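These are the residues of each chain, in order.
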Amino acid sequence: MKQQTKWQPDVLGAGFEQLTLPLEPDAEGEVVATLVRYAPGPRLSDVHFERDPAAHTDVLYVHGWSDYFFQKELAEYWHRMGARFYALDLRKYGRSLRRWQTPGYVENLTTYDEEIEAALAVIGQTGGRRLVLFGHSTGGLTLSLWVNRHPGRADALVLNSPWLEFQARSAGRAALAPIVGLQARVDPRAAMPNVDLGFYTRTVSATMDGEWDYDLDWRPPRGFVVHSGWLSAVLAGHAQVAAGLAIDAPVLTMASARSTISPRWTPEMMSSDIVLVVDDIARRALSLAPTVTVTRIDGALHDIFLSKEPVRKEAYGRMTRWLRGYLST
């Protein structure tokens, strides 16, 4: 498909623009991804640009499962750090989801190489600019595998609660993967049981106990339907991480200090990860690269940057200190 080049105003409002990235059609028809950029204009501090920890840096953010980019505060943070910030709504998510498509569906995580490359082509990476890839949850898994397959492309990888291991750990994954794989071969779009009880949405959405406004069609209260073909692709990604990657860039892995996995609502869910087992994620992160920093943040939700304001402030502070060590000129 021909690349579109005209940026349009984005749903996030002032300073945000979006660009549709046409992709190759699949069995469901037309496919697109959407690149969002934060371009609010020059900062008053631009005279000190060389001293910003992310000077001469482009940041590309990739969301997780049943999600899309709406974290305006995160974009503003990277802008203050001196970076140019971009976010990618992957095919069949958020801005890129079309009415005839199966939300979030792919059968191999390498499928996303097409939109990642298309986004990087738009970003340009000229004039010696550095590239930081920033992934949340399944986006963190996707980007970890991409950087491993493409050495020399990224200067750093930042992971926000990356989904690096199945919740039932490696033994559970080993037992489940053949069953899911068989189902994926027979009927890849077969629906799996929905285990999302809506508790995570309760912690995040301003319509419940959270503080964030976002599109509940693009990020449904109980998530998208999980299909066997997609789950098989994720489990294959987990197996690759477990076998060990060799990412040639420094990696920052951020996770909550604790998990609360329960079929019943508890107040502790407002200050912990209720999606992933964070101890397993922290251990798996050490398999990504020779240089890995793992930081655990007390009170953090699954998406650390949707936690309460004091927790977010701590997370931004730790990320800034890491950037000063690994990216500052």
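Anything mentioned here points back to the structure above.
Below is a short write-up of the structure. Note that this is a predicted model, so its numbers are computed, not measured.

What follows is about the overall build of the protein chain. Looking only at helices and strands, one finds eight helices and nine strands in the protein chain. Radius of gyration (C-alpha) of the protein chain: 19 Å, near the 20 Å computed for a compact globule of 329 residues. Here the protein chain, with 329 residues, has 55% of them falling under the buried criterion. Expressed as a percentage of contacts within the protein chain between residues at least 6 apart in sequence, the contacts between residues at least 24 apart total 72%. As displayed, the protein chain offers around 13,800 Å² of accessible surface, 54% of which is attributable to carbon and sulfur atoms. Averaged over its 35 positive side-chain charges, the protein chain has a centre that lies 2 Å from the centre of its 37 negative ones.

Positive phi, close to 55°, is recorded for H56, a residue that is not glycine. With respect to the helices and strands, H56 occurs in the loop between β3 (29–38) and β4 (57–62). For K92, which is not glycine, the phi dihedral falls at a positive 65°. Its location among the elements puts K92 in the loop between β5 (84–89) and α2 (113–123).

Applying the stated criterion across every chain, the model contains 20 aromatic pairs. Ring centres of W65 and Y93 lie 6.1 Å apart, and the angle between their planes is 90°; this geometry places the pair in the edge-to-face category. Residue W65 is located in the loop between β4 and α1 (72–80), and its partner Y93 is located in the loop between β5 and α2; the two are separated by 28 residues in the primary sequence. Judged by relative accessible area, Y93 falls into the buried class, the value being 2%. Note on W78 and F134: the rings are 6.1 Å apart at their centroids and 80° apart in plane angle, and the pair reads as edge-to-face. In this pair, W78 is assigned in helix α1 and F134 in strand β6 (residues 130–136), connecting sequence segments 56 residues apart. Each member of the pair, W78 as well as F134, is classed as buried.

This part covers the pairing of β4. The buried fraction of β4 amounts to six of the six residues, a majority that puts the element mostly inside the structure. Of the two faces of β4, both are covered, the one formed by T57, V59 and Y61 as well as the one formed by D58, L60 and V62. Here six bridges tie β4 to β6, and the two strands are oriented parallel to one another. Counted as the bridge partner of V62 is G135 from β6.

It is worth spelling out the packing of helix α3 (residues 138–149) against helix α6 (residues 228–243) at this point. Across the interface, α3 lies against α6 with an axial gap of 10 Å and an inter-helix angle of 55°. Overall, the two elements α3 and α6 adopt an arrangement that is oblique. Here α3 and α6 pass one another in a crossing that is left-handed. Contacts between α3 and α6 involve T138, L141 and L145 from the first element and W230, V234, G237, H238, Q240 and V241 from the second.

Let's shift gears to the sheet that holds β5. Taken together, nine strands build an open sheet; the order of strands is β1-β2-β3-β5-β4-β6-β7-β8-β9 and the sheet is mixed. The open sheet terminates on both sides in strands that have one partner only, identified here as β1 (8–9) and β9 (292–297). For β6 and strand β7 (residues 156–160), the ladder comprises five bridges, and the chain directions are parallel. Of the residues in β7, the one forming a bridge with L133 is L157. Running at roughly 165° to β9, helix α7 (residues 278–285) makes contact with β8 (251–256) and β9 of the sheet.

Attention shifts here to the nonpolar core. L35, L60, L88, L133, W230, I247 and L288 are the most contacted members of the largest nonpolar core, which has 54 residues in total. When near neighbours in sequence (up to four residues on either side) are disregarded, L133 contacts L60, L143, W146, V147, A154, A156, L157 and V158. Ranked by size, the runner-up nonpolar core spans 45 residues in total, among them L74, Y77, I297 and A315.

Turning our eyes to something else, we now look at the pattern of salt bridges. This model, assessed by the stated rule, comprises 21 salt bridges. Here R202 and D209 are joined by a salt bridge, their closest N and O atoms 2.8 Å apart. You can call R202 partly exposed: its relative accessible area is 29%.

For the rest of this paragraph, the subject is the packing of α1 against helix α8 (residues 309–326). Contact geometry of α1 with α8 gives a least axis separation of 12 Å together with a crossing angle of 30°. Along this stretch, α1 crosses α8, giving a crossing that reads as right-handed. Across the interface between the two elements, E73, L74, Y77 and W78 from α1 touch R312, Y316, M319, T320 and L323 from α8.

Mapped onto the secondary structure, S307 falls in the loop between β9 and α8. Residue classification places S307 among the buried positions, given a relative accessible area of 1%. A polar contact of 2.8 Å, which involves the side chain of S307, links it to the backbone oxygen of I304.

Rules used throughout
Residues numbered from 1 in each chain as written. Predicted model: local features only at pLDDT ≥ 70, side-chain atom pairs only at ≥ 80, totals over all residues. Heavy atoms only, no water. Helix = DSSP H or I, 4+ residues; strand = E, 2+ residues; numbered from the N terminus. Rg over C-alpha atoms; globule rule 2.2 N^0.38 Å. Buried < 20%, exposed > 50% of the residue type's maximum accessible area, 1.4 Å probe, protein only. Contact = heavy atoms within 4.5 Å. Areas by Shrake-Rupley, 256 points an atom, 1.4 Å probe, with all protein chains shown as cover. Lys, Arg positive; Asp, Glu negative; His and termini not counted. Charge placed at Lys NZ, Arg CZ, Asp CG, Glu CD. Phe/Tyr/Trp six-rings, centres within 6.5 Å; stacked < 30°, edge-to-face > 60°. Pairing = 2+ DSSP bridges. Axes fitted to C-alpha atoms, helices over the stretch in contact; angles between N-to-C directions. Parallel < 35°, antiparallel > 145°, perpendicular 65-115°, else oblique. Left-handed = near helix turned anticlockwise from the far one by under 90°. Core = buried A, V, L, I, M, F, W, Y, C linked by side-chain atoms within 4.5 Å. Salt bridge = Lys/Arg side-chain N within 4 Å of Asp/Glu carboxyl O. Polar contact = N/O pair within 3.5 Å; in protein donor to acceptor, adjacent residues only side chain to side chain.

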